[in-house]
Amino acid sequence: QTIKDYNKEIVAKIINNIDLHLNGKHLPVALIAEDMVSALRRLPNNSVSIMTAGLDNCIIWRNEYAKLAEEEISRVLHPRGAYLSICSRFIPKQLKLDTSFESNTFRKFVKSD
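Keep in mind the model is a prediction, meaning the values are calculated, not measured.

Calculation criteria
Residues numbered from 1 in each chain as written. Predicted model: local features only at pLDDT ≥ 70, side-chain atom pairs only at ≥ 80, totals over all residues. Heavy atoms only, no water. Core = buried A, V, L, I, M, F, W, Y, C linked by side-chain atoms within 4.5 Å. Buried < 20%, exposed > 50% of the residue type's maximum accessible area, 1.4 Å probe, protein only. Helix = DSSP H or I, 4+ residues; strand = E, 2+ residues; numbered from the N terminus. Contact = heavy atoms within 4.5 Å. Expected span 1.5 Å × (residues − 1).

Engineer: Explain the nonpolar core to me, please; I cannot follow it from the model alone.
Structural biologist: The tendency in soluble globular proteins is for nonpolar side chains to be buried side by side. Core analysis: the largest hydrophobic core is formed by 17 residues, its most contacted members being M36, L40, M51, I73, Y83, F90 and L95. Within the residue set of this core, elements represented by two or more residues are α2 (36-41), β1 (48-54), α3 (63-76) and β2 (77-86). If one sorts the elements of this core by residue count, α3 sits on top with five residues. If sequence neighbours within four positions are ignored, I73 has contacts with M36, L40, M51, Y83, F90, P92 and L95. Judged by nonpolar contacts, the second largest core, of seven residues, contains I18, L84, F101 and F106.

What follows is the structure, encoded as structure tokens:
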């Protein structure tokens, strides 16, 4: 689903950081304009290779909703996948911060071994 109002600079940063994670290989990106928890609940466990979220600090103020989103992120992320966040309040407790990933823009979280 394509949304015309997405900030092209932010989208370019997201795609660039995904490509960095994949050592320069390009991966098609889908941006979904939908409530995050509802969209994630439709996905099977361990089915998402790379997920990004960001700028949600400004729009998600309910702690209960943030907790649900974090649980769903952890559930759908593939064991070898990565969750990249930019200005995000989501820090899923089931994931660990990958300190080897160097980026001025994103934080990278992965499933624990």
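Here the narrative resumes.
Engineer: How should unusual backbone geometry be read in this particular structure?
Structural biologist: Most of the time, phi is negative for any residue but glycine, and the peptide bond is trans. The backbone of N46 shows a phi angle near 55 degrees, a positive value even though the residue is not glycine. In this structure, N46 sits in the loop between α2 and β1. What makes N46 partly exposed here is its relative accessible area of 34%.

Engineer: How should helix α1 (residues 8-21) be read in this particular structure?
Structural biologist: An α-helical turn contains 3.6 residues, so a residue and the one three or four places further along point in the same direction. The end-to-end C-alpha separation of α1 is 20 Å, in line with the 20 Å expected for 14 residues at 1.5 Å each. The set of residues buried in α1 consists of I14, N17, I18 and D19. Where α1 is buried, its residues meet β1 and β2. N23 sits one or two positions beyond α1 and adopts a positive phi of about 55 degrees.

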